[in-house]
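Letter by letter, the chains look like this.
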Amino acid sequence: MNALTMPARPRATPHEPGTPLVAVENVTLRYRTEKAKITATRNVSFSVNSGDRFVLLGPSGCGKSTLLKAVGGYLTPEEGRITVGGRQVKAPGADRMMVFQEFDQLLPWKTVLGNVMFPQLVTGKLSPKEAEAKARHYIEKVGLTRAIDNYPHMLSGGMKQRVSIARGMAMEPDVLLMDEPFAALDALTRRTCQDELLRLWDETRFTVLFVTHSIAEAIKIGNRILLLSPHPGRVKAEVEGVDDVSAADGSAARLEREIHDLLFADEPEDH
Ligand code: ADP
Ligand code: MG
């Protein structure tokens, strides 16, 4: 077969909606401090499909950030394993971009455009010209074209988070990892940012693994929600079909109460 008749090279990983993409299998994560060993999560398993808006929900300290960092490749599980697209996660990679809660994720000496282009240029994924075109595309998608030449100190918290989202999306990662990205915003901006994220998802159907401690946010953002219990974080339940509930008929409020009861039901001590 010569080059002309070669079939188009398939993508390295399957991206058909609904195919398994991220597999977290029996993962235990521990921190070692000088004084103690802290088990942040114990024996956690879940599977994210391509196109999912998968939410990790649980109270503060239940290990959500720890789990997300492990999927990002910043922490290594003591037990169990994590794969993305069938490949074991061993280090951070451009296939897993992260968006954090903090507003200081941007490089202060670069403009909005410079910040969004930066990972493309560092990884050599695209030429400068291609990187700029891609960055402009995603900056437009998050509604920041008018602020494209501004520096971070000139932006509001909501705008900074939009830049971080555009930067992550511009890399077109297999999965976008979001750690309470809207938690530090005022209520109104938070709601706008949630709506925008859903609109973006509707347009491009990317895969997102989203962490929150807010039940309402989990129901709004997720199509699937994993409930985690604290100390150490363990899987309490998984809620599927979250897209089927709505505020209009009261089913969202019912689900919110059910999740609340599940999360805060007393459970026997594990001795
Ligand atoms: P969440 O994001 O759900 O609030 P974290 O993943 O941040 O929870 O933390 C889970 C547990 O691990 C907590 O008990 C926390 O105190 C502990 N922890 C988090 N980061 C560290 C660290 N760098 N060193 C030691 N313990 C940590
Ligand atoms: Mg956290």
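The structure displayed is predicted, hence computed values, not measured ones.

Brief notes about the sheet that holds strand E9 (residues 224-229)
Then, in step 1: Strand order in this open sheet of 6 strands is E6-E7-E8-E3-E9-E10, and the pairing throughout is mixed. The outermost strands of the open sheet, each flanked by one partner alone, are strand E6 (96-99) and strand E10 (234-239). Averaged over all pairs of adjacent strands, the angle between their axes in this sheet comes to 20°, without regard to strand direction.
Then, in step 2: As paired strands, strand E7 (residues 175-179) and strand E8 (residues 208-212) are joined by 4 bridges and run parallel to one another. By the bridge assignment, Leu 177 is partnered in E8 with Leu 209.

Side note on the layout of surface pockets
Then, in step 1: Empty space within the second largest pocket amounts to approximately 300 Å³.
Then, in step 2: Looking at the second largest pocket, it is lined by 17 residues, and the ones nearest its centre are Tyr 74, Met 97, Met 98, Pro 119 and Arg 167.
Then, in step 3: When residues of the lining of the second largest pocket are traced back to their parent elements, those giving at least two are E6, helix H2 (112-123) and helix H4 (157-170).
Then, in step 4: For the lining of the second largest pocket, the leading source of residues is H2, giving 4 residues.
Then, in step 5: Split into classes, the residues belonging to the lining of the second largest pocket amount to 10 nonpolar, 5 polar and 2 charged.
Then, in step 6: Three or more residues apiece are contributed to the lining of the second largest pocket by two domains, here domain 1 (22-95 + 174-265) and domain 2 (103-172).

Focus on the nonpolar core
Then, in step 1: One finds Leu 57, Ile 225 and Ile 259 to be the most contacted residues of the largest nonpolar core, which totals 48 residues.
Then, in step 2: Those residues within four positions of Leu 57 in sequence are excluded, and the remaining contacts are Lys 64, Thr 212, His 213, Ser 214, Ile 215, Ala 218, Ile 225, Leu 226, Leu 227, Leu 228, Ile 259 and Leu 263.
Then, in step 3: Judged by nonpolar contacts, the second largest core, of 25 residues, contains Val 24, Val 84, Val 89 and Leu 228.

A few points about the environment of Pro 59
Then, in step 1: Its place among the elements puts Pro 59 in the loop between strand E3 (53-57) and helix H1 (64-72).
Then, in step 2: By relative accessible area, Pro 59 is classed as partly exposed at 22%.
Then, in step 3: Setting aside its immediate chain neighbours within four residues, Pro 59 contacts Lys 64, Leu 228 and Pro 230.

Notes on the domain arrangement of the protein chain
Then, in step 1: Annotation of the protein chain at the domain level lists domain 1 (22-95 + 174-265) and domain 2 (103-172).
Then, in step 2: Distance from the C-alpha centre of domain 1 to the C-alpha centre of domain 2: 24 Å.
Then, in step 3: Taken residue by residue, the interface counts 17 residues in domain 1 and 13 residues in domain 2.
Then, in step 4: Taking both sides of the interface into account, the surface hidden between domain 1 and domain 2 amounts to around 1200 Å²; carbon and sulfur atoms contribute 69%.
Then, in step 5: The interface formed by domain 1 and domain 2 holds 2 salt bridges in total.

Rules and cut-offs
Residues numbered from 1 in each chain as written. Chains lettered and ligands numbered in written order. Predicted model: local features only at pLDDT ≥ 70, side-chain atom pairs only at ≥ 80, totals over all residues. Heavy atoms only, no water. Pairing = 2+ DSSP bridges. Helix = DSSP H or I, 4+ residues; strand = E, 2+ residues; numbered from the N terminus. Axes fitted to C-alpha atoms, helices over the stretch in contact; angles between N-to-C directions. 1 Å grid on protein atoms, 1.4 Å probe; cavity = no way out; pocket = protein on both sides within 12 Å on 5 of 7 lines; lining within 4 Å. Points joined across faces, edges and corners; volume = space filled by probe spheres on them. Nonpolar A, V, L, I, M, F, W, Y, C, P; charged D, E, K, R; others polar. Domains from an automatic or database assignment. Core = buried A, V, L, I, M, F, W, Y, C linked by side-chain atoms within 4.5 Å. Buried < 20%, exposed > 50% of the residue type's maximum accessible area, 1.4 Å probe, protein only. Contact = heavy atoms within 4.5 Å. Buried area = accessible area lost by both parts, 1.4 Å probe. Salt bridge = Lys/Arg side-chain N within 4 Å of Asp/Glu carboxyl O.

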